[in-house]
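For reference, the chains in residue letters:
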Amino acid sequence: MTTIAVIGLGTMGLGIVQTWAAAGFDVLATDTHEPARATAQARLLAALTPRVEAGKMGPSDRDAILARVRIVADLSMLQGADLAVEAVVERLEVKQALFAKLEQHLGPGAILATNTSSLSVTAIAGGLRHPERLLGLHFFNPAPVMKLVELVSHPAASTDALTRARAITEAAGKTVIQCPDRPGFIVNRCARPFYGEALAMVEEVRSPLDIDAAMMAAGYRLGPFALIDLVGADINLAATESLFAAMDRHPRYHVFDALRAQVAKGDLGRKSGTGFVFPQKPGAPPADADAIVLRIEAALINEAAWLLSEGGTTREWIDTALKLGLNFPRGPFEMQARHGAAIETELARLEARAPAHLTSRYLPPTG
Ligand code: NAI
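Residues numbered from 1 in each chain as written. Predicted model: local features only at pLDDT ≥ 70, side-chain atom pairs only at ≥ 80, totals over all residues. Heavy atoms only, no water.

**Q** Help me understand the overall build of the protein chain, please; the structure alone is not making it clear to me.
**A** Secondary structure summary: the protein chain contains 16 helices and eight strands in total. With the C-alpha coordinates of the protein chain rotated into their principal frame, the extents come out at 60 × 45 × 35 Å. Here the analysis covers contacts within the protein chain between residues at least 6 apart in sequence; of these, 70% occur between residues at least 24 apart. Working note: accessible area of the protein chain is about 15600 Å², and carbon and sulfur atoms make up 56% of it. Positive and negative side-chain charges in the protein chain, numbering 36 and 39 respectively, have mean positions lying 3 Å apart. (Helix = DSSP H or I, 4+ residues; strand = E, 2+ residues; numbered from the N terminus. Contact = heavy atoms within 4.5 Å. Areas by Shrake-Rupley, 256 points an atom, 1.4 Å probe, with all protein chains shown as cover. Lys, Arg positive; Asp, Glu negative; His and termini not counted. Charge placed at Lys NZ, Arg CZ, Asp CG, Glu CD.)

**Q** What exactly am I supposed to notice about the state of the cysteines here?
**A** Joining two cysteines, a disulfide is a covalent bond between their sulfur atoms. With the rule as written, the count across this model stands at zero disulfides. Left without a disulfide partner, C179 is nearest to the cysteine sulfur of C190, which lies 9.9 Å away. A residue is classified by how much of its surface remains accessible, and C190, at 0% relative accessible area, is buried. (Disulfide = S-S within 2.5 Å. Buried < 20%, exposed > 50% of the residue type's maximum accessible area, 1.4 Å probe, protein only.)

**Q** Hey, could you run me through the sheet that holds strand β2 (residues 26-30) in this one?
**A** What holds strands together in a sheet is hydrogen bonding between their backbones, with the strands either parallel or antiparallel. Taken in spatial order, the eight strands of this open sheet run β3-β2-β1-β4-β5-β6-β7-β8, and their pairing is mixed. Edge strands, defined here as strands with exactly one partner in the open sheet, are β3 (69-71) and β8 (175-179). Neighbouring strand axes in the sheet, compared pairwise and without regard to direction, differ in orientation by 25 degrees on average. As paired strands, strand β1 (residues 3-7) and β2 are joined by five bridges and run parallel to one another. In the sheet register, I7 faces β2, and the bridge partner there is T30. Lying on the sheet, helix α1 (residues 11-22) is in contact with β1, β2, β3, β4 (83-86) and β6 (134-139); it crosses β6 at an angle near 95 degrees. (Pairing = 2+ DSSP bridges. Axes fitted to C-alpha atoms, helices over the stretch in contact; angles between N-to-C directions.)

**Q** I tried to follow the pairing of β1 on my own but got confused; where do I start?
**A** Working note: regular strand, side chains alternate between the two faces of the sheet. Among the five residues that make up β1, five are buried, leaving the element largely enclosed by the rest of the structure. Two elements, β1 and β4, share four bridges in a ladder whose sense is parallel. Opposite A5, over in β4, you have A84 as the bridge partner.

**Q** Please explain the environment of N188 as it appears in this structure.
**A** Tracing the sequence through the fold places N188 in helix α7 (residues 187-190). Sequence separation between N188 and W20 is 168 residues, and the spatial gap between their C-alpha atoms is 24 Å. If sequence neighbours within four positions are ignored, N188 has contacts with S117, H138 and L243.

**Q** Please explain the domain arrangement of the protein chain as it appears in this structure.
**A** Looking at the protein chain, the domain boundaries give domain 1 (3-179) and domain 2 (188-358). Measuring from the centre of the C-alpha atoms in domain 1 to the corresponding centre in domain 2 gives 30 Å. Contact with domain 1, which involves eleven residues of that partner, is made by nine residues of domain 2. Buried area between domain 1 and domain 2, both sides added, is near 780 Å², and the carbon and sulfur share of it is 68%. Contact with domain 2 buries area across many residues of domain 1, yet M146, L148 and I177 alone supply 46% of it, more than any other trio. Ranked by the residues each element gives to the side of domain 1 that touches domain 2, the list is headed by β8, at four residues. Across the side of domain 1 that touches domain 2, the residue classes tally to five nonpolar, five polar and one charged. (Domains from an automatic or database assignment. Buried area = accessible area lost by both parts, 1.4 Å probe. Nonpolar A, V, L, I, M, F, W, Y, C, P; charged D, E, K, R; others polar.)

**Q** How should the side chain of R62 be read in this particular structure?
**A** Within the element layout of this structure, R62 appears in helix α3 (residues 59-68). Accessibility expressed as a relative area gives 19% for R62, which makes it buried. Non-local contacts of R62, meaning those with residues more than four positions away in its chain, are made with L45, L48, V52 and M57.

**Q** Sorry if this is basic, but what is going on with the pairing of strand β5 (residues 111-114) here?
**A** The alternating pattern of β5 places I111 and A113 and L112 and T114 on opposite faces, both of which are buried. Here four bridges tie β4 to β5, and the two strands are oriented parallel to one another. Within the sheet, the bridge partner assigned to A84 lies in β5 and is L112. Handedness of the β4-helix α4 (residues 92-105)-β5 crossover: right-handed. Where β5 lies against β6, three bridges are found, and the strand directions are parallel. Paired with L112 across the two strands is L134, which belongs to β6. Running through helix α5 (residues 121-126), the crossover from β5 to the neighbouring parallel element β6 is right-handed. (Right-handed = clockwise from strand over helix to strand, strands pointing away.)

**Q** Can you walk me through the packing of helix α2 (residues 34-53) against α3 in this structure?
**A** Packed helix pairs are characterised by how far apart their axes lie and by the angle those axes make with each other. Running from amino to carboxyl end, α2 crosses α3 at an angle of 155 degrees, the nearest separation of the two axes being 10 Å. If you check the angle between α2 and α3, you find them roughly antiparallel. Considering how the two elements wind past one another, α2 and α3 form a crossing that is right-handed. For the pair formed by α2 and α3, the contact residues are Q41, L44, L45, L48 and V52 on the first element and P59, R62, I65 and L66 on the second. Taken together, the residues of the contact of α2 with α3 sort by class into seven nonpolar, one polar and one charged. (Parallel < 35°, antiparallel > 145°, perpendicular 65-115°, else oblique. Left-handed = near helix turned anticlockwise from the far one by under 90°.)

**Q** Help me out: how do you make sense of the pattern of salt bridges in this one?
**A** Working definition: two side chains of opposite charge can pair if their charged atoms are close together. Enumeration over the complete set of coordinates arrives at 22 salt bridges. One salt bridge connects R182 with E310, and the closest N-O pair in it is separated by 2.7 Å. Placement of R182 in the loop between β8 and α7 and of E310 in the loop between α13 (289-309) and α14 (315-326) is noted, with a sequence separation of 128 residues between them. For E310, a relative accessible area of 31% puts it in the partly exposed group. In this structure, K265 engages D267 in a salt bridge whose closest nitrogen and oxygen atoms are separated by 4.0 Å. Because the salt bridges share partners, they merge into one network encompassing R182, R189, R252, E303 and E310. (Salt bridge = Lys/Arg side-chain N within 4 Å of Asp/Glu carboxyl O.)

Below, the structure is given as structure tokens:
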């Protein structure tokens, strides 16, 4: 019987607890913040109730899930876990200190996993006595719903830990895509141009509603601005700034003033009541919708090509990750197949007219 330990009972931790408990695993979970421990069972119940009310889950299944979860007071009580996943605050020194303690409490066969979205997994593993058993398991929010988990490897990770972590995560119904320990992994990195190129067009005085309408007509469930409004412009800005810094301020990750201005105004999207487009809905696509889609998809394809050129992943993995992680109707390499030679021409056109601060943004990888 496999037991999962989860450390951190915030948004992600609780979702990860639910994911494995719903798949029949025993789960031990803890948090340093006493109220987070005290409310965890009630929050889990609240998360499951709508499924029961909608008839998607019986009350006995709900009770069985709750019964499989044991909230414990501290790390020493996680002994016996086969896999421990942390979803604590996103700070390197906190995660390093946590894993150093976990190493003492968990048996040598236990796998340690971090749910970090922006820290280096190599750096987190660095201070451990046994870095080979640490890896990244990057869930997406909401964890019980989103199918994708990025399995992040690093040079010291053991094949055995990677294989077992994959099997246990797949047993919870997830699609596991392995990716290299590069900033943003696959999804958060390859998503940048979806927003960035749309923001570039807004700075050229295109309307966000027109851009969203064009993308929706091309099969995207949400346009870039509706997606920023859903997640929050502040969250999107933080993710963009983090990747810009991690990628040596390359113009492909440029932080557009239009995004900064939106955050400065407090127009963060749904949570503030107004965003780039929220509460409006896009209307009919503009006459040049195809050109808008070509431009954004060209930038998406280029970013995916750069990631591929750095090694550690494949076209299929990138396509699958973007379809599952962002609900894209097709992955970047499938976009490439649709557009053909038009992509190279579009990237060359964009590079030729790029303003000084975006010079080399559109250059494809060589070789
Ligand atoms: P959160 O703020 O909702 O929850 C963090 C929890 O960790 C809190 O309950 C806090 O009391 C607890 N905590 C802090 N330090 C601790 C420690 N040393 N030991 C035990 N518990 C501790 O944060 P959230 O959003 O759940 O994020 C957690 C992690 O998941 C972060 O690394 C974040 O980057 C990552 N992540 C977040 C996603 C999101 O959409 N929110 C998506 C994917 C990854």
